[in-house]
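# Observations on the model geometry
Listed below, chain by chain, are the residues.
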Amino acid sequence: MLSVLRVHLPSDIPIVGCELTPYVLSRRPNKDKSVISEDVPESAPVDGYFLRYKWYRIQSDKKVAICSIHPSEQATLQCLGCVKAKIPVAKSYHCSPKCFSDAWQHHRALHERAASVVNENGNDEEEIFGRFNSTGSGVINASLTPSQSSGSLANGTTPLYPAAVTQRSGGETWFEVGRAKTYTPTADDIGHVLKFECVVVDAETKLPVGPASTILTSRVIPAPCPTPRRMFSVSGVDIPGHLDLDGRLSPSGTFTVLSYNILSDAYATNELYSYCPSWALSWTYRRQNLLREIVGYRADIVCLQEVQSNHFEEFFAPELDKHGYQALFKRKTAEVFSGSINNIDGCATFFRRDRFSHVKKYEVEFNKAAQSLTDAVVPITQKKTALNRLVKDNVALIVVLEAKFSNQGVDNPGKRQLVCVANTHVNVQQELRDVKLWQVHTLLKGLEKIAASADIPMLVCGDFNSMPGSAPHTLLALGKVDPMHPDLAVDPLGILRPPTKLTHQLPLVSAYSSFARIGVGLGLEQQRRRMDPNTNEPLFTNCTRDFIGTHDYIFYSADSLTVESLLELLDEESLRKDTALPSPEWSSDHIALLAEFRCKPRTRR
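Below is a summary of the structure that appears in this document. (Residues numbered from 1 in each chain as written. Predicted model: local features only at pLDDT ≥ 70, side-chain atom pairs only at ≥ 80, totals over all residues. Heavy atoms only, no water.)

### Details of the sheet that holds strand β20 (residues 418–425)
By way of backbone hydrogen bonds, the strands of a sheet pair with one another, either parallel or antiparallel. The line we're drawing: Strand pairing follows a simple DSSP-based rule, namely that at least 2 bridges must link the two strands. Every helix listed is a DSSP run of H or I at least four residues long, and every strand listed is a run of E at least two residues long, numbered separately from the N terminus. Simply put, an axis is a line fit to the C-alpha atoms, just over the touching stretch for a helix, and the angle between two N-to-C directions goes from 0 to 180 degrees. In this description, contact between two residues means that some pair of their heavy atoms is separated by no more than 4.5 Å.
Pairing is mixed in the open sheet, where six strands are placed in the order β18-β19-β20-β21-β27-β22. What marks the edges here is a single partner per strand, and that holds for β18 (356–365) and β22 (508–510). For this sheet, the mean angle separating the axes of adjacent strands, direction not counted, is 20°. Relative to the sheet, helix α9 (residues 366–377) contacts β18, β19 (395–403) and β20, its axis offset from that of β18 by approximately 45°. Running over the sheet, helix α12 (residues 471–478) touches β21 (458–463), β22 and β27 (552–557) and is turned about 20° from β27.

Pasting the structure below:
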């Protein structure tokens, strides 16, 4: 007879909106008594038996509040200032006086922001804190409303069926909430323990055989949700309230571009990010939190880096397809990589099908360029050494899109509006300055060829692993590199000589440098304080315990595009003084960059 040997959960802490899939180990009723971890559904029984699953919510008569700072802890105090300011109640709870004291600088900012926005705009807390906070879950469309969850169940893959109160005992009520192996906690589960039950069932009689195997979770916690970042107009007029792009997605010649290194799960280890709670570092949590954030920005074009191959195929492509995005992907090459092929990350570009159509795709493999370079200029005796230095598996994905919206003011009606978007992730090793610069130069030369063949605006997005003022950044921003630049001193293969060849003709400008050029406006001075006055770039886009600095950029061709607005930058205070990235609120060690562009009217040639 089929028997269950063991049941356990991959995470000790269940989180709203994050799937719970228990690990069930069972033994087949065959001669060798083989052990399996695969599901045995009713549709495919084994020797006349299958596994039946049920989930219960154990609801106590006593209401439990959760700490807003440490969501795995029960709250012991509440900030009355939050209540008076009509800040969402979930943000008012703290687990201890020390917790409240440590978080005060960040918490006080919530009070000040609530007061200023209400005074100036008359907005209520829904507008101030964003649509993600209304349920406390931080997940879009991931949870049922109380009325829905109390009347019916739709978790897992089973159809709707009436909710059932199965037991009342000692001040507790047990609600049956799911009949699938996988269960996704909802806002109604917050503060409650869940129970998973697995039992062997006779396929013919449909009756349980033997005792059920059960496991209890800890209390369900809400998915931590940061205050949504706002968009700032570069004209100096602040865009109030939360990020709401619906009113700006009209056929007016503007479109938005997001660039975000999402931190591959293969790199998100407890050793590297020991300061991040293990449950917040788990992929089941991070993928939902990242999806919520990405979808929330509602960008027309999305450029992601460090997307694992299996995560692209199994999660991001299908999930973003539901939100109207078409997906393109370029996996890194694997000459250096030695792990599982599924763990290789790459660059993924998504675009809204109602805003753009796909015209052409170019894939840049820097390893191939390295082979061509060494064949052409490196002596045979040094070829192996040269390839060892240059071959790093990095890639770029270049996509040509055609806009479906009109460009106001264009005097060429009927002419196609094309946009070329490059998405790349440059080599991370800081000692290989020559390789970084060579990769960026190689990409730019490829983009120059595309620009020469068509009158087309250019966008160059990605994680360049290069600080502002470095040679790669200088080449992108200024079109050339000073021969005396210190980065050029690192060139053991002579691939950067002569320095005069390190040029390009694309009129590229960094989108975020616009913050340094605009006038006075609400919040703009605060944004300028988050910029480096010497380079006009953000003070950081990558923030860990070991490193803080800027590696991510969105460059655009200034002769054909103008920046309309930019997503606000974070500062160290907003990340809390004792926290680095990733964190429960932000699921990557990078922050997302988002810019809105307008196509300039084109003149006849």
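### What about the pairing of strand β14 (residues 254–261)?
Basically, it comes down to this: Exposure classes here rest on a 1.4 Å probe applied to the protein chains alone. A residue is buried below 20% of its type maximum, exposed above 50%, and partly exposed in between.
In terms of burial, β14 is largely enclosed, as eight of its eight residues are buried. Alternating residues of β14 divide into T254, T256, L258 and Y260 and F255, V257, S259 and N261, and every residue in both groups is buried. Of the pairings in the sheet, the one linking β14 to strand β29 (residues 593–599) comprises six bridges and is antiparallel in character. Looking at β29, one finds that V257 is bridged to A595. Two strands pair when backbone bridges link them, and β14 and strand β15 (residues 301–308) are joined in this way by five bridges, in the parallel orientation. Pairing of S259 across the sheet is with C303, part of β15.

### Quick word on helix α7 (residues 283–297)
Think of an α-helix as 3.6 residues a turn; residues three or four steps apart then line up on the same face. Defined as follows: Helices are assigned an expected span. That span is 1.5 Å times one less than the residue count.
An ideal rise of 1.5 Å per residue puts 21 Å on 15 residues; α7 measures up with 21 Å between its terminal C-alpha atoms. In terms of burial, α7 is largely enclosed, as 14 of its 15 residues are buried. Looking one or two places after α7, you find R298, whose phi comes out positive at around 55°.

### Quick word on the packing of helix α11 (residues 433–453) against α12
Relative placement of two packed helices is described by the angle separating their axes and the distance separating the axes. Short version of the rule: The labels follow the angle: roughly parallel below 35 degrees, roughly antiparallel above 145, roughly perpendicular from 65 to 115, and oblique for the rest. Take the far helix as your reference; a near helix turned counterclockwise from it by less than a right angle gives a left-handed crossing, and one turned clockwise gives a right-handed crossing. Residue polarity is assigned by list, with Asp, Glu, Lys and Arg as charged and Ala, Val, Leu, Ile, Met, Phe, Trp, Tyr, Cys and Pro as nonpolar; anything else, Gly included, falls into the polar class.
Viewed as axis vectors pointing N to C, α11 and α12 meet at an angle of 25°, and their least axial separation amounts to 8 Å. Classed by the angle they form, the pair α11 and α12 counts as roughly parallel. At the point where α11 passes α12, the crossing takes the right-handed sense. Contacts between α11 and α12 involve K436, L437, V440, H441 and L444 on the former and, on the latter, A471, P472, L475 and L476. Here the residues of the contact of α11 with α12 are counted per class, giving seven nonpolar, one polar and one charged.

### Overview of the sheet that holds strand β28 (residues 561–567)
Read from one edge of the open sheet, seven strands run β13-β28-β29-β14-β15-β17-β16, paired in mixed fashion. Each edge of the sheet is formed by a strand with only one pairing partner; in this case those strands are β13 (231–233) and β16 (325–331). With direction set aside, neighbouring strand axes in the sheet form an average angle of 25°. The pairing of β15 with strand β17 (residues 345–352) spans six bridges and is antiparallel. If you follow Q308 over to β17, its bridge partner there is D345.

### Things to note about the nonpolar core
Condition: In plain words, nonpolar cores are sets of buried Ala, Val, Leu, Ile, Met, Phe, Trp, Tyr and Cys residues tied together by side-chain atoms within 4.5 Å.
Counting residues in hydrophobic clusters, the biggest one holds 67 residues, and the most contacted among them are F255, I294, I301, F350, F356, L459 and F597. The biggest single contributor to this core is α7, with six residues. Among all residues touching L459, those that are not within four sequence positions of it are F255, V257, V419, C420, V421, A422, I554, F555, Y556, L561 and F597. V391, V400, M458 and V460 belong to the second largest nonpolar core, which has 42 residues in total.

### Considerations on the pattern of salt bridges
For clarity, the threshold we go by: Criterion for a salt bridge: a side-chain nitrogen of Lys or Arg within 4 Å of a carboxyl oxygen of Asp or Glu.
Tallying each qualifying case throughout the model produces 22 salt bridges. A salt bridge links E319 to K322, with the shortest nitrogen-to-oxygen separation between them at 3.0 Å. Taken together, the residues E319 and K322, both in helix α8 (residues 309–322) and three residues apart, mark about one turn of the helix. Looking at K322, the relative accessible area reads 60%, which means it is exposed. For D487, the salt bridge goes to R433, with nearest N and O atoms at 3.4 Å. Taken as a pair, D487 in the loop between α12 and β22 and R433 in helix α11 lie far apart in primary sequence, 54 residues in all. Overlapping salt bridges, with partners in common, bring together K330, K361, E363, E365 and K368 in one network.

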